[in-house]
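Residues per chain are reported as follows:
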Amino acid sequence: CYPCPPGSSCSLEGLFEAEECPPGTYRSDPEIGGFGSCIPCPQGTWSKNWQLREKGECTRCPTGVVCPLDGMTAPCSFDDLPQPFEPVVNFKGMPAFEYEFPIETMPQPFTLDECLALNSKSKHTDKQEFYYGELVPPYIDILGRGPHFRESDDLSIKYQSTAKCYRNAQPDGSLLYMRMADYYGPQYDIQTGFFHQGYGSSLLLNQMYAVSPPKGFDIRLTYYRGKGNGFIDLPKSRRFEPAFNCTKGFKLFNSTLVRHDVKRVVYTHPLHDYEGGYDIEKCPTFDPQLNCYIDVTFELHPPGECCNVEKFRQRAILLAADQFYHGTCESDKICAEGRSSEPEAKPCDDSFICDEGTSLENSLKYPCPAGFICGFGTTPDTKLEAPSGQLSHLCDEGRYCNRMISEVGNEVCPRNYICPTGTADPFEGRLANDGLLRMLPSPFSDESIHLHYLHGENFGFYCDHEMKCAASTKPSLKKRFQTSWKLPDETDSILEYLTRQQKPFSISMNEATQLEATCERDKKSHFIQQAINRNDCNCHSKFLILAAIYRLWKCTSINPLDDLGLGEPTVPSMGNGKRDFWYSDSRVHLDRQSATAMDPSMEPFGLNWGEGKVCKFLPSNNKISLTQGRIPHSRDSPIHARGIPSESKGYLEFEDVAETGNVDVRFPIRFTWQSFLVFANYFELKTSAVDEFKRERDAVAAGKRSNIDPFVFDIFKSIQLIEQYGEKLEQFAYLEATNTSSSLSIELSYVDAKNSSALYALAGR
């Protein structure tokens, strides 16, 4: 007797051969677990292949997708693949498919305006479903349907005799298919240079076929498995990469795939019926002896009218299924296997974000960032070129979006408040912070104003940033793409197959998206500048409060920074937050020990840390930064922070007076209008401020308070920034003397243009 090998099951006695683990299961070496029967692949993964030998060989599900079942074998289905454009006509005011009518009774076509107006009545209100224009040959089936469409009117057509109204709910495939295409990228053979063994089918008991290795396969590297057997190490891109793209396949009508369960008659398009054949209405019965369809009434028909209808004439046929023609996407192969109508995976839920390998339990783990709208299938990507990234869509004006304070996540602005675009919390006065999240330069770093033509006889004075924001909303630019060339990067493992070619490759980018990526869309800097001009916002005070608390953190921190979630920057209820991966280079931890203590698994993925604690800070006569200069109190300088007592001595040095236990530097600060408090360390201040802010914010929302105490507000916001950015804050802003004739002339300034917008974020509510 021999031990049962990995990838097989020997659950019964007296076996003379092992049973292969079927698709969706695995079994590892008995010495490291996995005894008995094959184990289902865990939620968050899937597999179509036989004989997997460990859990790691189950394929991770893409970002923006939930895999809610154990042992999944069909993450997507044939119905998720891209659909063709189908012509529709006006049947009593309702759209009906053109191929449902013979020419003699064909309803009137829709006009251009009537066609596009149907989109407002469509159940798919978030995307276009009706199009007006023409199909682009050569891929047009006998029903007049095709995958390639060109918008046009009757005066601008190029390929057809007239423009028509077309319907297509998923020209690029379903959300599920699109997420898989972005994640798995081009087909395996395009990326690696040789074919994999193919996907198995759970419908077959065994797929160990005696086949030879495909061309180009190096047999010395590993033994070759039969079709559908063994692990396929699929390349994948966790972050969206424009160059990791592929050409999607398409469906066309195949008249031989008649659906016998549905006897439905349709009519071919006379300009595209290149097959010819029988007319099912005139000769509905097939005679096997004559090998032809006949008229059961034995009525005589002229030649070519019934059984041998010539090409390019309309005829009645039975509805048949579509045939899928593969493109270059690996997802084409994954989804086209079988014809299951119900996929086992699903897009990520509305108002939430899903990382790769998301299970049902973790599907509601990461709420959408406040001030943004996350639709179904949202990914953690932070760049706007990602088709469903978490920062793609700001909350609409007149509403506020915050899943942490609302079960709906998208609420109407309450009375006595205004909600501009990107409002996160009207009671707190919080916007989305679009510019800071994407590390944009300040809109006011270039103060040059130009006269711009708007429309008609209207002109206006605008800076370049404002004009770029306006241009990004133009419909014409949303339809234009610009091609750029990128040199291969040997450090990019995702694009390894392009790197091997040793030549530049092209990337097509939408022109509107390119402009939008440079635009602070919630206009937070603009609102804060207005507040400063009205003297409603004391930026000096807010910055100095931040500097004081930052120094306390640098000296007394005993815990790592919060393990914030990859969406809304709050600590998730379970597991790790993964924010440092998705917002790379946005946070610097105090030291390596605290960084790895937050999440040890993140160390290989770019954790950043500083040199450790500092309790003595250098004085300066002309500059105040987070780590330099004496922080003035109200009796010390016209430029001061509300709530900084004279006992602070400028927070230049902290001394630990604790005899035992935790650090105690006796940090004095005005905590509320009514109270000055002394805190032992940063953790103690953080705990008190977070609890008090939450209590007061809830009271404002309930109408029991008119506003949040300004001292509590400033302290809480400073703590939020420290937890979200750590030592990265040192690069954002400082105060310096700009008028050498007076040391009291201190204005806001910036370290560099890259991070300048952060200062406005510090000053704003």
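These numbers come from a predicted model, not from an experiment.

Engineer: Describe the overall build of the protein, listing the residues and the values that go with them.
Structural biologist: When helices and strands are counted, the protein shows 16 helices and 34 strands. Relative to its full complement of 765 residues, the protein shows a buried share of 50%. A total of about 38,500 Å² of accessible surface is found on the protein, and carbon and sulfur atoms cover 52% of it.

Engineer: Describe helix α14 (residues 682–701), listing the residues and the values that go with them.
Structural biologist: Three- or four-residue spacings in an α-helix give side chains the same orientation, since the helix completes a turn every 3.6 residues. Given a rise of 1.5 Å per residue, 20 residues ought to cover 28 Å, and the 28 Å separating the end C-alpha atoms of α14 matches this to within 8%. Among the residues of α14, Tyr682, Leu685, Lys686, Ala689, Glu692, Phe693, Glu696, Arg697, Ala699 and Val700 are the ones counted as buried. Where α14 is buried, its residues meet β24 (423–425), α11 (539–556), β31 (667–670), β32 (676–679) and α15 (710–725). Among the residues of α14, the N-terminal cap falls to Asn681, whose side-chain oxygen and the backbone nitrogen of Phe683 are separated by 3.3 Å.

Engineer: Can you explain the state of the cysteines? Please cite residues and give values.
Structural biologist: The final tally for this structure, using the stated rule, is 13 disulfides. Covalently, Cys115 is tied to Cys165 through a disulfide, its sulfur atoms 2.1 Å apart. Because the sign of the S-S torsion sets the handedness, a value of about 75° for the bond joining Cys115 and Cys165 places this disulfide among the right-handed ones. On the criterion of sequence distance, the pair formed by Cys115 in helix α1 (residues 112–117) and Cys165 in strand β12 (residues 164–167) is long-range, its members being 50 residues apart. Considered together, Cys115 and Cys165 belong to a single accessibility category, that of buried residues. Disulfide partner of Cys348: Cys354, at an S-S distance of 2.1 Å. One disulfide, between Cys348 and Cys354, carries an S-S torsion of 75° and so falls in the right-handed class.

Engineer: So what's going on with the sheet that holds strand β10 (residues 130–135)? Residues and values would help.
Structural biologist: Here we have five strands laid out as an open sheet, ordered β9-β8-β12-β10-β11, and antiparallel in their pairing. Each of the sheet's edge strands pairs with one partner strand only, and the pair in question is β9 (94–97) and β11 (149–151). On average, adjacent strands in this sheet sit at an angle of 60° to one another, irrespective of strand direction. By the bridge criterion, three bridges tie strand β8 (residues 86–91) to β12 in an arrangement that is antiparallel. Across the sheet, Pro87 pairs through a bridge with Tyr166, a residue of β12.

Engineer: Outline the environment of Arg500, supporting the account with residue identities and numerical values.
Structural biologist: Among the structural elements, Arg500 can be located in the loop between α8 (496–499) and β29 (505–510). According to the relative accessible area criterion, Arg500 is partly exposed, its value standing at 46%. C-alpha of Arg500 to C-alpha of Gln191: the two residues are 309 residues apart in sequence and 9.7 Å apart in space. The contacts of Arg500, once residues within four sequence positions are left out, are Ile190, Gln191, Thr192 and Gly193.

Engineer: Tell me about α15, and name the residues and values.
Structural biologist: For α15, built from 16 residues, the straight-helix expectation of 22 Å at 1.5 Å per residue is met to within 8% by its first-to-last C-alpha distance of 22 Å. Its side-chain oxygen placed 2.9 Å from the backbone nitrogen of Phe711, Asp709 serves as the N-cap of α15. Positive phi appears at Gly726, one or two residues downstream of α15, with a value of about 55°.

Engineer: Break down the pairing of β8 for me, with residues and values.
Structural biologist: Where β8 lies against β9, four bridges are found, and the strand directions are antiparallel. Looking at β9, one finds that Asn90 is bridged to Pro95.

Engineer: Describe a nonpolar patch on the surface, naming the residues involved and giving the relevant values.
Structural biologist: On the surface, Ile449, Leu451, Tyr453, Phe459 and Phe461 cluster together into a nonpolar patch covering about 610 Å² of accessible area. In terms of residue count, the dominant contributor to the nonpolar patch is strand β26 (residues 449–455) (three residues).

Engineer: Can you lay out the packing of aromatic side chains for me, pointing to particular residues and giving the numbers?
Structural biologist: Evaluated as defined, the whole model comprises 25 aromatic pairs. Centre to centre, the rings of Phe97 and Tyr99 are 5.2 Å apart; their planes meet at 5°, and the pair counts as stacked. Owing to a relative accessible area of 21%, Phe97 belongs among the partly exposed residues under this scheme. Summarising the aromatic geometry, the rings of Tyr139 and Phe250 are spaced 4.8 Å apart at their centres and angled 45° between planes, so their arrangement reads as tilted.

Engineer: Describe the pattern of salt bridges, with residues and values.
Structural biologist: Scanning the model with the defined rule gives 37 salt bridges in all. Across the salt bridge formed by Arg264 and Glu100, the nearest N and O atoms sit 2.4 Å from each other. In this pair, Arg264 sits in the loop between β13 (250–258) and β14 (265–267) while Glu100 sits in the loop between β9 and α1, placing the two residues 164 residues apart along the sequence. Residue classification places Glu100 among the partly exposed residues on the basis of a relative accessible area of 31%. Through salt bridges that share partners, Arg60, Arg238, Asp355, Glu356 and Lys578 make up one connected network.

The rules we used
Residues numbered from 1 in each chain as written. Predicted model: local features only at pLDDT ≥ 70, side-chain atom pairs only at ≥ 80, totals over all residues. Heavy atoms only, no water. Helix = DSSP H or I, 4+ residues; strand = E, 2+ residues; numbered from the N terminus. Buried < 20%, exposed > 50% of the residue type's maximum accessible area, 1.4 Å probe, protein only. Areas by Shrake-Rupley, 256 points an atom, 1.4 Å probe, with all protein chains shown as cover. Expected span 1.5 Å × (residues − 1). Contact = heavy atoms within 4.5 Å. Polar contact = N/O pair within 3.5 Å; in protein donor to acceptor, adjacent residues only side chain to side chain. Disulfide = S-S within 2.5 Å. Pairing = 2+ DSSP bridges. Axes fitted to C-alpha atoms, helices over the stretch in contact; angles between N-to-C directions. Patch = residues over 30% accessible without salt bridge, like charges linked within 9 Å, V, L, I, M, F, W, Y side chains within 5 Å. Salt bridge = Lys/Arg side-chain N within 4 Å of Asp/Glu carboxyl O. Phe/Tyr/Trp six-rings, centres within 6.5 Å; stacked < 30°, edge-to-face > 60°.

Interpretation note: all reported values are geometric properties and have no functional meaning in isolation.
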